[in-house]
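# Per-entry structural report
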Amino acid sequence: MAPEPPLLTMSGITKSFPGVRALDGVDLEVQAGEVHCLLGQNGAGKSTLIKVLAGAHQPDDGEITWCGAPAVLKSPITAMRLGIATIYQELDLVEGLSVAENVFLGHEPTSAGFVVRTREGRTSAAALLERLGHPEIDPARAVGELSAAQQQIVSMARALSHDVRLIVMDEPSAALDPDEVDNLFRIVASLTADGVAVVYISHRLEEIRRIGDRVTVLKDGRAVAVGLPAESTPTRDIVAMMTGRNVEYVFPPRPEATPEDARPVPAPVLTVQGLTRKGEFDPVDLELRPGEIVGLAGLVGSGRSEILETIYGARKATAGRVTVAGRPLRPGSVRAAVAAGIGLAPEERKAQALLMLESVTRNVSVSSMSRFSRAGWVDRGAERKAARAATRELSLRPDNPDTPVRTLSGGNQQKAVLARWLLRGCRVLLLDEPTRGVDVGARAELYAVIRRLADEGLAVLLVSSEVPEVLGLADRVLVLREGRVVHTADAGELDEHRVLDLVMEGSPTS
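Residues numbered from 1 in each chain as written. Predicted model: local features only at pLDDT ≥ 70, side-chain atom pairs only at ≥ 80, totals over all residues. Heavy atoms only, no water.

Within the element layout of this structure, L166 appears in strand β9 (residues 166-170). Spatially, the C-alpha atom of L166 lies 5.6 Å from that of V198, the residues being 32 residues apart in sequence. Leave out the neighbours within four places in its chain, and L166 touches L7, L8, V30, L53, W66, G83, I84, A85, V196, A197 and V199. (Helix = DSSP H or I, 4+ residues; strand = E, 2+ residues; numbered from the N terminus. Contact = heavy atoms within 4.5 Å.)

Take the nonpolar core next. Proteins that are soluble and globular tend to have nonpolar side chains buried together. With 128 residues, the main nonpolar core has Y200, L270, I311 and I342 as its most contacted residues. At 7 residues, helix α15 (residues 440-455) tops the list of elements feeding residues into this core. Contacts of I311, omitting those with residues within four sequence positions, involve L270, V272, L275, V322, L329, A337, I342, L430 and L461. L28, L38, I50 and A71 belong to the second-largest nonpolar core, a separate cluster that totals 26 residues. (Core = buried A, V, L, I, M, F, W, Y, C linked by side-chain atoms within 4.5 Å. Buried < 20%, exposed > 50% of the residue type's maximum accessible area, 1.4 Å probe, protein only.)

Below, the discussion takes up the packing of aromatic side chains. Under the criterion given, the structure shown has 3 aromatic pairs. On the basis of an interplanar angle of 35° and a centroid distance of 4.7 Å, the ring pair of F251 and Y447 is categorised as tilted. Of the two residues, F251 sits in the loop between α8 (235-242) and β13 (270-277) while Y447 sits in helix α15, which places them 196 residues apart along the sequence. Under the relative-accessibility criterion, F251 is labelled partly exposed at 24%. Given a relative accessible area of 1%, Y447 falls into the buried group. Ring geometry for Y312 and W421: centres 6.4 Å apart, planes at 85°, overall edge-to-face. With Y312 in helix α9 (residues 304-312) and W421 in helix α14 (residues 410-424), this pair connects stretches of sequence that are 109 residues apart. Both residues of the pair, Y312 and W421, belong to the buried class. (Phe/Tyr/Trp six-rings, centres within 6.5 Å; stacked < 30°, edge-to-face > 60°.)

Before going further, it helps to examine α9. An α-helical segment advances 3.6 residues per turn. Residues three or four places apart therefore align on the same side. Counting buried positions along α9 yields 8 of 9 residues, so the element is predominantly enclosed. Here α9 has its buried residues at R304, S305, I307, L308, E309, T310, I311 and Y312. G313 sits one or two residues past α9 and shows a positive phi near 95°.

Interaxial distance between helix α13 (residues 380-393) and α14 falls to 9 Å at its minimum, and their mutual angle equals 120°. Between α13 and α14, the crossing angle belongs to the class labelled oblique. In terms of crossing hand, the pair formed by α13 and α14 is right-handed. Across from A386, A390, T391 and E393 in α13, the residues of α14 making contact are A419, L422 and L423. (Axes fitted to C-alpha atoms, helices over the stretch in contact; angles between N-to-C directions. Parallel < 35°, antiparallel > 145°, perpendicular 65-115°, else oblique. Left-handed = near helix turned anticlockwise from the far one by under 90°.)

Attention now moves to the packing of helix α4 (residues 118-131) against helix α5 (residues 148-160). At a minimum axis distance of 9 Å, the contact between α4 and α5 shows a crossing angle of 110°. Comparing the axis directions of α4 and α5 gives the class roughly perpendicular. Crossing hand, α4 versus α5: right-handed. Within the contact between the two elements, α4 uses L128, L129 and R131 and α5 uses I153, A157 and L160.

Attention shifts here to unusual backbone geometry. With omega at 0°, the peptide bond leading from R397 into P398 counts as cis. Summarising the element assignment, P398 is placed in the loop between α13 and α14. Unusually for a residue other than glycine, E171 sits at a positive phi of about 50°. Along the chain, the position of E171 falls in the loop between β9 and α6 (178-193). A relative accessible area of 11% means that E171 is categorised as buried.

Attention now moves to the side chain of T361. Looking at where T361 falls in the secondary structure, it is placed in helix α12 (residues 360-365). Residue classification places T361 among the buried residues on the basis of a relative accessible area of 6%. T361 has contacts with E383, R384, A387, P401 and D402, leaving out every residue within four places of it along the chain.

Function-wise, these values are silent; they only describe arrangement.
Below, the structure is given as structure tokens:
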């Protein structure tokens with residue numbers, strides 16, 4: 001008897017976006033009833049691949065075979081009709097609708113084609129929830145009132161409402177506690193026993209061991225391993241396959257200590273003591289001195305960005321305190337942080353930092369307007385002159401402060417954000433993904449700028465998803481895993497393999 005063909009085969013899938021080749025000939029094969037784990041660092045191409053599978057992106061090249069026949073996934077509706085459902089990490093539920101309404105959203109049970117049969121929908125939703133082991137979830141309850149774990153169950157019920165044959169789960173355990181993870185695995189085992197295939201994406205290798213059958217590893221948009229046995233492939237081999245990039249990192253040298261530098265160590269300019277935000281990160285302690293770059297290394301969801309935003313006052317801590325030069329900051333106050341000398345260059349600079357329709361001058365001066373205004377009048381000449389001096393210090397191009405910031409390259413937009421804080425005279429600079437969306441040449445230039453600012457006495461706290469970037473820029477590194485600091489060391493004592501080991505399977509150490 002001939003073996004059953006794979007449920008899904010993706011062959012030679014390529015996908016490019018302006019300036020980026022996200023997928024470069026990726027292969028993936030999934031059998032009915034298996035848990036196929038998709039691994040890779042941030043930026044490896046996992047999200048793009050599952051969006052192609054979900055019909056949200058159209059591949060530039062390659063073939064997709066479903067149940068042995070060629071398939072074209074023109075849209076998410078097409079994929080769903082075939083039996084492919086995707087549960088994204090950021091659940092796409094409508095919080096104001098009921099559980100039943102979310103489960104059958106877009107294919108509600110109706111009479112005469114337009115009258116929604118609410119009672120039938122609730123009964124059917126209750127049956128699906130019972131199948132998933134959660135009969136306690138009320139189909140009439142608003143989804144926004146449910147816990148994160150319960151909302152995930154609702155997303156699974158919605159997938160099952162379409163007679164699904166393959167479910168993609170993107171970081172499904174990220175917001176779950178250990179008991180909830182155990183329940184998730186029980187549900188997955190039940191689904192696969194019924195012949196449903198699961199593509200499971202996770203950074204947690206211990207989960208892959210528990211639940212996975214086979215593993216495919218992506219790196220820089222390529223599949224570097226396809227269909228490896230999940231249980232027997234050594235962790236070190238998986239980590240080795242995930243590491244390394246095609247781009248070159250050109251980091252400026254760290255200043256070397258000389259006998260003439262045997263001076264007293266400066267006092268910390270930033271001190272964080274027991275800083276906690278419930279549900280996001282456990283108590284964090286760190287000190288940052290003038291001229292020092294400290295890096296926070298960890299995966300998405302580890303609490304890196306949340307720590308920066310809490311220090312900055314954009315989020316309010318549930319415990320702990322932040323002091324600048326010995327003076328405590330008022331929790332949850334951006335104004336207090338900025339007044340104390342803290343600046344933030346956020347991860348999404350276009351949405352969170354820049355005024356895209358304004359000039360470079362206005363973007364640089366926006367946090368220092370009190371310097372240029374008197375009695376409601378702004379000295380435009382002084383504002384422009386100061387902004388130009390700040391941008392020239394960073395070699396922002398073009399050298400024209402009237403240029404609309406939206407026309408700048410990613411690297412020069414980031415320089416505009418940095419120039420804002422230079423003009424403000426900040427003492428502590430928080431950098432969240434400083435080179436995201438920046439090309440290779442501009443990266444090296446930004447690295448040099450960051451190191452020079454530190455050499456001139458600025459204290460820098462850096463977050464980056466790219467481990468080589470953290471190790472190449474930082475003097476000292478705090479490694480985070482699931483909201484906890486699991487290791488602290490000088491950057492020279494770490495390498496990429498060691499950091500990835502820690503963020504995936506580490507335990508708290510000092």
